[in-house]
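Descriptive structure summary
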Amino acid sequence: MKNILLAIGLLIGGSCIGQQKHPDFMQQGNIYEVNIRQYTKDGTFKAFAKHLPRLQKMGVQTLWFMPIQPISKEGRKGSLGSYYAVASYTDVNPEFGTLSDFNKVVDQAHALGMKVLIDYVPNHSGADHPWLKTHPDFYETDSTGKPTYTADWSDTRELNFNNLVMQDSMINTMKYWLHATKIDGFRVDVAWGVPYSFWNKCIPALKSIRDIYLLAEADDAKLHESGFDATYTWTEFHVLNDIAAGKKNVLALDTVLNKIETDFMKGAHRLYFTSNHDENSWNKADYATMPGASHAPFAVFTQTYNRTMPLIYSGQEEPVLRPLAFFEKDSIEFNKYERANFYTTLLKLRKSNPAFADNANFKRLKVNLPGQIMAYERSNGRDKVVVVLNLSNQPQQAIVEDIEPGFYVDGFTGQNPKDIRYIQMKAWGYQIFVKTNLD
């Protein structure tokens, strides 16, 4: 039934023409994903709160908390279970703390100038959610009447979006969080599995309460037409991984980036990342997919390219060089912060320079080695930033042909290079040049 509803939504949804607008607070923003369970030894909101000043100093603008609701016990995987097998949509996981504890974290984040998103899982509930007993018709069933689940998610049960009462009930649970907390939006899990018709009804209802930001776990242009602000860049991410592994080059990336310009409405935010909870735990990102020095130019790309809403995952600033356990306790040990200065430079440049505003101009620059070197500029009036990346494992002499003359400084060192058209780049090298206005 879901596939039929998705098809109907695709037919009636409209075109990609238009300029998407976003909440002002996400202008030149960024997102930091918080894995509460693993973030500290205590794994609580209170323990995490101690990191807020550090994250604010690093330049983090928006915190995305993985699901904070209780986890189902039936079919539980491991001893602690999956965040995404939700036992109650309107309660807080007692392992993390109380609603009051969470609200204090939100207030502290707001006081530091940061915003907060919470993860939401409308596609399925946990395997012992009360709705299974009180409203069994809220669920998809097989030929025997047994509730179903997708893939190997045996700790969950699939919700039936053909049931309009279930739809309204789900919307009400999302409204609950907007009334019970001061959160600034949602990251929606498996947004690709929920019909467009639901989002067309749900999102206006949520945004009537306040102007929130909505991130969809889906690589789907049509979800922007339903009201989502940002979508995932899985296609681009996989190409980035292939480039890091030497399987592809910049020309392959150009192919998928050009498709964004034709498929997505103007102004649509795309979530660019080098890791997240899934990619870290299951696919060895970023410590194995973009190992060592190769991580840096791809991280610069996620922070500076067109349309990007960059994501940093818990511990990448350390960095954590292992997969964090998904169903067990596996605390992050913070002590080195080896990438903290790197990320701080990127995040603060992005926030402070108008060239990264949604309405700024973007232009790819001509280079002598288009298979290995990527160069582009972002500009807004007199403000201009030029980014040059060596996406190869060999040193390269980069020649950038169409840079506007002017006085530029290195975004990382503050030094004034003589001529940024000719750059000797290390393997996996990166350069950010910021034009200064001296007159």
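Report follows, based on the coordinates. Residue positions are given per chain, counted from 1 along the sequence in the order it is written. Where totals are concerned, whole chains, interfaces and linings use all residues; where local detail is concerned, this predicted model gives features only for residues with pLDDT of at least 70, and gives and counts side-chain atom pairs only at 80 or more. Computation of side-chain values covers all heavy atoms of the structure but excludes hydrogens and water.

Details of the nonpolar core
We define the nonpolar core as a collection of buried residues of types Ala, Val, Leu, Ile, Met, Phe, Trp, Tyr and Cys that are connected through side-chain atoms lying within 4.5 Å of one another. Only protein chains enter the accessibility calculation, which uses a 1.4 Å probe; a residue whose area is less than 20% of its type maximum is buried, one above 50% is exposed, and one in between is partly exposed. The biggest cluster of nonpolar side chains holds 121 residues, and the ones touching the most others in it are Leu-63 and Phe-186. By residue number, the principal contributor to this core is helix α8 (residues 196–207), which donates 7 residues. If we skip the residues at most four places from it in the chain, Phe-186 touches Leu-117, Ile-118, Tyr-120, Met-174, Trp-177, Leu-178, Leu-206, Ile-212, Tyr-213, Leu-214 and Leu-215. Helical segments are the DSSP runs of H or I of at least four residues, strand segments are the runs of E of at least two, and each set is numbered from the N terminus. Here, residues are in contact when the closest pair of their heavy atoms is within 4.5 Å.

Digging into the environment of Leu-215
Following the sequence through the fold, Leu-215 ends up in strand β7 (residues 213–216). In this structure the C-alpha to C-alpha distance between Leu-215 and Phe-228, which are 13 residues apart in sequence, comes to 6.1 Å. Not counting the four nearest positions on each side in its chain, Leu-215 is found in contact with Ile-31, Trp-64, Phe-186, Arg-187, Val-188, Phe-228, Ala-230, Thr-231, Tyr-232 and Leu-271.

Let's talk about unusual backbone geometry
Put simply, Ala-285 and Asp-286 share a cis peptide bond, and its omega is -10°. Cis geometry is found at the peptide bond from Glu-318 to Pro-319, where omega equals -5°. By the secondary structure assignment, Pro-319 is in the loop between β10 (308–313) and α14 (340–352). Positive phi is not limited to glycine here, since Val-190 has a value of about 45°. Within the secondary structure layout, Val-190 lies in the loop between β6 (185–188) and α8. In this structure Val-190 comes out as buried when scored by relative accessible area, which is 3%. The backbone of Tyr-337 sits at a positive phi, close to 50°, despite the residue not being glycine. Within the secondary structure, Tyr-337 is located in the loop between β10 and α14. Of the residues examined, Tyr-337 reaches a relative accessible area of 27% and is grouped as partly exposed.

Points about the pairing of strand β12 (residues 373–380)
Summarising burial for β12: 7 of the 8 residues are buried, a large majority. A strand pair is defined by DSSP finding two or more bridges across the two strands. Sheet analysis places strand β11 (residues 361–364) next to β12, joined by 4 bridges and oriented antiparallel. Bridged to Arg-364 within β12 is Tyr-376. Looking at chain direction, β12 and strand β13 (residues 383–390) are connected through 8 bridges and run antiparallel. Its bridge partner being in β13, Glu-377 is matched across the sheet by Val-386. From the end of β12 to the start of β13, which pair antiparallel, there are 2 residues, and Gly-381 there has a positive phi angle of about 65°.

With respect to helix α5 (residues 99–111)
The span you would expect from a helix comes to 1.5 Å times its residue count less one. Given a rise of 1.5 Å per residue, 13 residues ought to cover 18 Å, and the 18 Å separating the end C-alpha atoms of α5 matches this to within 8%. Every buried residue of α5 is accounted for by Asp-101, Phe-102, Val-105, Val-106 and Ala-109. Down the axis of α5, the smallest arc covering the buried residues is 140°, so these residues share one side. Lining the buried residues of α5 we find α3 (45–49), α4 (52–58), β2 (62–65) and β3 (115–120). Directly after α5, the chain includes Gly-113, whose backbone phi takes a positive value near 85°. This arc describes the spread of directions from the helix axis toward the C-beta atoms.

Section: α8
Taking 1.5 Å as the rise per residue, α8 with 12 residues should run 16 Å; its terminal C-alpha atoms sit 16 Å apart, in good agreement. Listed as buried for α8 are Tyr-196, Phe-198, Trp-199, Cys-202, Ile-203, Ala-205 and Leu-206.

Regarding the packing of helix α13 (residues 295–304) against α14
Packed helices, taken two at a time, are described by the angle their axes make and the gap between the axes. All axes are obtained by fitting lines to C-alpha atoms, using only the stretch in contact for helices, and the reported angles, taken between N-to-C directions, cover 0 to 180 degrees. Running from N to C, α13 and α14 cross one another at 20°; their axes reach a closest spacing of 10 Å. In terms of orientation, α13 lies roughly parallel with respect to α14. Relative to α14, the crossing made by α13 is right-handed. Here α13 contributes His-295, Ala-296, Ala-299, Val-300 and Gln-303 to the contact with α14, which in turn contributes Phe-342, Tyr-343, Leu-346, Leu-347 and Arg-350. Angles below 35 degrees are treated as roughly parallel, those above 145 as roughly antiparallel, those between 65 and 115 as roughly perpendicular, and all remaining angles as oblique. Crossings are sorted by hand: turned counterclockwise from the far helix by less than a right angle, the near helix makes the crossing left-handed, and turned clockwise it makes it right-handed.

Some remarks on the sheet that holds β13
As summarised here, the arrangement of the 5 strands in space is β11-β12-β13-β17-β15, forming an open sheet in which the pairing is antiparallel. Every other strand in the sheet has two partners, leaving β11 and β15 (408–410) as the edge strands with one partner each. In this sheet, adjacent strand axes meet at a mean angle of 20° when their direction is disregarded. Bridge count for β13 against strand β17 (residues 430–435) is 5 bridges, and the pairing is antiparallel.

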